[in-house]
There are 2 protein chains.
Amino acid sequence: MASRSHKQLGEFELISRLCAGIRLGRRTILGPGDDCAIISASRRNLLLTVDSMVEGVHFDLRWGRPALLGARSLAVNLSDIAAMGGSPTACVVNLAVRDGVGQRTLDRIYAGLRNSAHEAGVDIVGGNITRASDLSITIALLGEVTGGAAMRRDSARPGDEIFVTGALGDAALGWRLLSGELTARGVARSYLVDRFFRPPNRLRAGQRLAAIDPTPSAIDISDGLLQDLGHILERSRVGAEIDASSIPLSPAYRAVMGDDISYAFSGGEDYELLFCLRPGYRESELTRRLRAPVRRIGRITRQKRLEVIGSLQPDLSKHGAGWDQLRSSPLKRLD
Amino acid sequence: MASRSHKQLGEFELISRLCAGIRLGRRTILGPGDDCAIISASRRNLLLTVDSMVEGVHFDLRWGRPALLGARSLAVNLSDIAAMGGSPTACVVNLAVRDGVGQRTLDRIYAGLRNSAHEAGVDIVGGNITRASDLSITIALLGEVTGGAAMRRDSARPGDEIFVTGALGDAALGWRLLSGELTARGVARSYLVDRFFRPPNRLRAGQRLAAIDPTPSAIDISDGLLQDLGHILERSRVGAEIDASSIPLSPAYRAVMGDDISYAFSGGEDYELLFCLRPGYRESELTRRLRAPVRRIGRITRQKRLEVIGSLQPDLSKHGAGWDQLRSSPLKRLD
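Residues numbered from 1 in each chain as written. Chains lettered and ligands numbered in written order. Predicted model: local features only at pLDDT ≥ 70, side-chain atom pairs only at ≥ 80, totals over all residues. Heavy atoms only, no water.

Peer 1: Got a minute to help me understand the nonpolar core in this structure?
Peer 2: The tendency in soluble globular proteins is for nonpolar side chains to be buried side by side. All names here are of chain B. Counting 96 residues, the largest nonpolar core has Ile162, Leu225, Ile247, Phe265, Leu274 and Phe275 as the members making the most contacts within it. Among the elements that make up this core, the one with the highest residue count is helix H2 (residues 66-84) (eight residues). Among all residues touching Phe275, those that are not within four sequence positions of it are Glu161, Ile162, Phe163, Thr165, Leu209, Ser217, Ala218, Leu286, Leu290 and Val294. (Core = buried A, V, L, I, M, F, W, Y, C linked by side-chain atoms within 4.5 Å. Buried < 20%, exposed > 50% of the residue type's maximum accessible area, 1.4 Å probe, protein only. Helix = DSSP H or I, 4+ residues; strand = E, 2+ residues; numbered from the N terminus. Contact = heavy atoms within 4.5 Å.)

So, in structure tokens, the structure goes:
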């Protein structure tokens, strides 16, 4: 079978092959292979999200590591569940395959995806495969609200303090190193590239955060700090003041970019959590509670605008106020 | 705003624009605009499915009627829920947009999708937009098992009689008329093309079918009668005998194809239901009960093979035993 290409295999055979060996949890009554999956009823409210990774837009197969790309396609969805403080349960996968992508690459992508799903306790309950001009993986992920309430974007209030997990800008640099837009060597390069391929898993951190009363407002940073904070400000009808000098940067980021904090502000692909809490929480206390590094970066204000204070200022002329897939297309420049 | 192209609009603005005016049901606690949608818990088991429509594979924008294409992208998912006998509740939509597709086209696609969702009682609870080389619409649809049990592919038993709803092959002919592979004029052409653009809604029929005891085995015919019946045979470990002369054909089908029943056997895109019942049900009784035309086409046998009897035999050399997206690519020939 291994020598047959996906063009010789039919869609049904390919799905069966890719889903072979998938372990299903107790909640899944019927997994891949029927018109729909059947999942047990639950008393908890459901979470539902969809995200897509497209070759030439979000990744390039020439970068290699197809298993990591497969894992990453689920990770970006897990991040949405983490930002609500929920627990992921089941997903369906739409795989679009272009001519020239071999069965081995697909097998590796799916192996990475299956591992990632297993680690996160997510059942891959169904899928669809189609031809297309780009290779792409689109995942719809179902989850549950595990605590009392989900964390939303519309509940930030003036006076709230703004925190982020992890360090920002690393994945954006990794992506630009891979695409040849930036150069770096050695440990810094490896670290940043790895940060692109392996987004952080903030599911536990999100769940612990959602247990705080009142429920924090939160979002995951996928399109860049400024753009994603902007979504909270817009939905909550508030403003914010951010202290640029407090943005958490990794040593690798500093080694490559020095004082240029623009990628940390608007690079995108971080998949860290940004959240807003009533005043009084210390960074060290939150870091212990969430079991993830937490940094205070500013506060929510009544004035409906975003102000960046501090001596370091991001140069936003490079990539606007955030990474927007429809506006920017660095990968396309490679072609 | 109408004069701005989607390249000037950002992803967030575009989603907001496309989702504007979406009416949400009581079950939806939080709709589009956050990391995830939140949907109320339900005591019923869940159904989950995903399907994708890709330009150049499943449709061609040059055919026009973008609103119907938008509606159709949901209809093909509704058909999966119908085949389980379930009730659809909520969906998330991934829209991939290529250069050259204007805002007006996207607006029309989404208008058709919104209408279709409203008619089916489905909430569009979230979405994602990305750039790609093809326009595509991928929908993950959530539903509920409404009766006692869902209809599955793995429960057909020897002796069961096999039925289908509607007429077969029309949509496959419509598709080939649109793509220029076949020609026809007048009423027959309009009828067949319309059957491609507007798949039948068999949700009610599916729900009424699932109420029969014992629960029928069922599937929707999306890849052609032979291929989809094949899935039931494989999963149920049985065979079947089909009487070719009993396959329901429309007058338009007969006008264009005469005695050639191959498209009815393996054309695909029908989105009719195929189901298996213990002997004793009359076509007229089922037609009344399901409020859809029902025809008996054969029976399930113990021998694990599919036999087509009758004087008319399908010519399967043309498109194999069913339409498989990865194997066939008639649309690509247009380019």
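Peer 1: Sorry if this is basic, but what is going on with the environment of Asn94 of chain B here?
Peer 2: Considering the arrangement of structural elements, one finds Asn94 of chain B in strand E4 (residues 87-97). Judged by relative accessible area, Asn94 of chain B falls into the buried class, the value being 2%. Asn94 of chain B sits 149 residues away from Asp243 of chain B along the chain, and the two C-alpha atoms are 41 Å apart. For Asn94 of chain B, the contacting residues outside a window of four places in its chain are Val50, Asp51, Ser52 and Thr138 of chain A together with Asn128, Thr130, Ser136, Ile137 and Thr138 of chain B. Looking at Asn94 of chain B, its side chain comes within polar contact range of the side chain of Asn128 of chain B, at 2.8 Å. (Polar contact = N/O pair within 3.5 Å; in protein donor to acceptor, adjacent residues only side chain to side chain.)

Peer 1: Before we go on, may I ask you to explain helix H3 (residues 103-120) of chain B in this structure?
Peer 2: Along an α-helix, residues three or four apart share an orientation, since each turn contains 3.6 residues. In a regular helix each residue adds 1.5 Å, so 18 residues correspond to 26 Å; H3 of chain B covers 26 Å between its end C-alpha atoms and thus fits that length. All buried positions along H3 of chain B are accounted for by Gln103, Leu106, Ile109, Tyr110, Gly112, Leu113, Ser116, Ala117 and Ala120 of chain B. (Expected span 1.5 Å × (residues − 1).)

Peer 1: How should the packing of aromatic side chains be read in this particular structure?
Peer 2: One pair of aromatic rings is described through two measures. These are the centre distance and the angle between the planes. Residues and elements named next belong to chain A. The full count for this structure, using the stated rule, is eight aromatic pairs over all chains. Here the aromatic rings of Trp63 and Phe196 are separated by 5.6 Å at their centres, their planes lie at 85°, and the arrangement is edge-to-face. Here Trp63, found in the loop between strand E3 (46-54) and helix H2 (66-84), pairs with Phe196, found in helix H5 (residues 186-197); they are 133 residues apart in sequence, far enough to count as distant. An identical accessibility class is assigned to Trp63 and Phe196; each is buried. (Phe/Tyr/Trp six-rings, centres within 6.5 Å; stacked < 30°, edge-to-face > 60°.)

Peer 1: What should I look at first to understand the sheet that holds strand E5 (residues 123-131) of chain B in this one?
Peer 2: Hydrogen bonding along the main chain pairs the strands of a sheet, whether they run parallel or antiparallel. Reading across from one edge, E1(A)-E2(A)-E3(B)-E6(B)-E4(B)-E5(B) is the order of the six strands in this open sheet, with mixed pairing throughout. Only two strands of the sheet have a single neighbouring strand rather than two, namely strand E1 (28-30) of chain A together with E5 of chain B. Neighbour-to-neighbour, the strand axes of this sheet turn through a mean angle of 25°, independent of strand direction. Relative to strand E2 (residues 37-39) of chain A, E1 of chain A is paired through two bridges, and the arrangement is antiparallel. By the bridge assignment, Leu30 of chain A is partnered in E2 of chain A with Ile38 of chain A. In this fold H2 of chain B packs onto E1 and E2 of chain A together with strand E3 (46-54), E4 and strand E6 (136-144) of chain B, with an angle of close to 145° to the strand it touches most, E3 of chain B. (Pairing = 2+ DSSP bridges. Axes fitted to C-alpha atoms, helices over the stretch in contact; angles between N-to-C directions.)

Peer 1: Looking at this structure, I do not really get the packing of helix H4 (residues 170-178) of chain B against helix H5 (residues 186-197) of chain B. What am I missing?
Peer 2: What describes two packed helices is the angle between their axes and the distance between those same axes. Residues and elements named next belong to chain B. Running from N to C, H4 and H5 point in directions that differ by 105°, and their axes come no closer than 7 Å. By the criterion of interaxial angle, the relationship of H4 to H5 is roughly perpendicular. Along the contact surface, H4 presents Asp170, Ala171, Leu173, Gly174, Trp175, Leu177 and Leu178, while H5 presents Arg189, Tyr191, Leu192, Val193, Arg195, Phe196 and Phe197. In terms of residue class, the contact of H4 with H5 is made up of ten nonpolar, one polar and three charged. (Parallel < 35°, antiparallel > 145°, perpendicular 65-115°, else oblique. Nonpolar A, V, L, I, M, F, W, Y, C, P; charged D, E, K, R; others polar.)

Peer 1: What am I meant to see in the sheet that holds E3 of chain A here?
Peer 2: In spatial order, the strands read E5(A)-E4(A)-E6(A)-E3(A)-E2(B)-E1(B); together these six strands make up an open sheet with mixed pairing. The open sheet has two free edges, formed respectively by strand E5 (123-131) of chain A together with strand E1 (28-30) of chain B, since each of these has just one partner strand. Averaged over all neighbouring strand pairs, the angle between strand axes comes to 25°, with direction disregarded. Each of strand E4 (87-97), E5 and strand E6 (136-144) of chain A touches helix H3 (residues 103-120) of chain A; the most contacted strand, E4 of chain A, lies at about 170° to it.

Peer 1: What is the right way to read the pairing of strand E10 (residues 272-277) of chain A from this model?
Peer 2: Side chains on a regular strand alternate between the two faces of the sheet. Residues and elements named next belong to chain A. Counting buried positions along E10 gives six out of six residues, so the element sits mostly inside the fold. Here five bridges tie strand E8 (residues 217-221) to E10, and the two strands are oriented antiparallel to one another. Residue pairing in the sheet places Ile219 in a bridge with Leu274 of E10.

Peer 1: Help me out: how do you make sense of the pairing of strand E7 (residues 161-165) of chain B in this one?
Peer 2: Residues and elements named next belong to chain B. Across the five residues that make up E7, a large majority, five, are buried. Here E7 shows no split at all, with Glu161, Phe163 and Thr165 on one side and Ile162 and Val164 on the other all buried. One ladder, built from four bridges, connects E7 with strand E10 (residues 272-277); its direction is antiparallel. Pairing of Ile162 across the sheet is with Cys276, part of E10. Of the strand pairs in this sheet, E7 and strand E11 (residues 294-301) are connected by five bridges, and their pairing is antiparallel. Paired with Val164 across the two strands is Arg295, which belongs to E11.

Peer 1: How do you make sense of unusual backbone geometry when you look at a structure like this?
Peer 2: Among all residues save glycine, negative phi is the norm, and among peptide bonds the norm is trans. For the bond from Asp213 of chain A to Pro214 of chain A, the omega torsion is -5°, close enough to zero to count as cis. Looking at where Pro214 of chain A falls in the secondary structure, it is placed in the loop between helix H6 (203-210) and E8. One non-glycine residue, Tyr271 of chain A, lies in positive phi territory at about 55°. Of note, Tyr271 of chain A is situated in the loop between helix H9 (262-266) and E10. Of the residues examined, Tyr271 of chain A reaches a relative accessible area of 7% and is grouped as buried. Here the phi dihedral of Arg65 of chain B falls at roughly 55°; this positive angle occurs in a residue that is not glycine. Topologically, Arg65 of chain B is positioned in the loop between E3 and H2.

Peer 1: Explanation requested: the pattern of salt bridges in the structure shown.
Peer 2: For side chains of opposite charge, pairing can occur when their charged atoms come near one another. Counted under the stated rule, the structure contains 35 salt bridges over all chains. As a salt-bridge pair, Arg44 of chain B and Glu144 of chain B come within 3.3 Å of each other at their nearest N and O atoms. Residue Arg44 of chain B is located in the loop between strand E2 (37-39) and E3, and its partner Glu144 of chain B is located in strand E6; the two are separated by 100 residues in the primary sequence. Owing to a relative accessible area of 6%, Glu144 of chain B belongs among the buried residues under this scheme. With a shortest N-O distance of 2.7 Å, Glu272 of chain B and Arg202 of chain B are connected by a salt bridge. One end of the pair, Glu272 of chain B, is in strand E10; the other, Arg202 of chain B, is in the loop between H5 and helix H6 (203-210), with 70 residues separating them in the sequence. In this structure, a network of salt bridges that share partners links the residues Asp170, Arg195, Arg202 and Glu272 of chain A. (Salt bridge = Lys/Arg side-chain N within 4 Å of Asp/Glu carboxyl O.)

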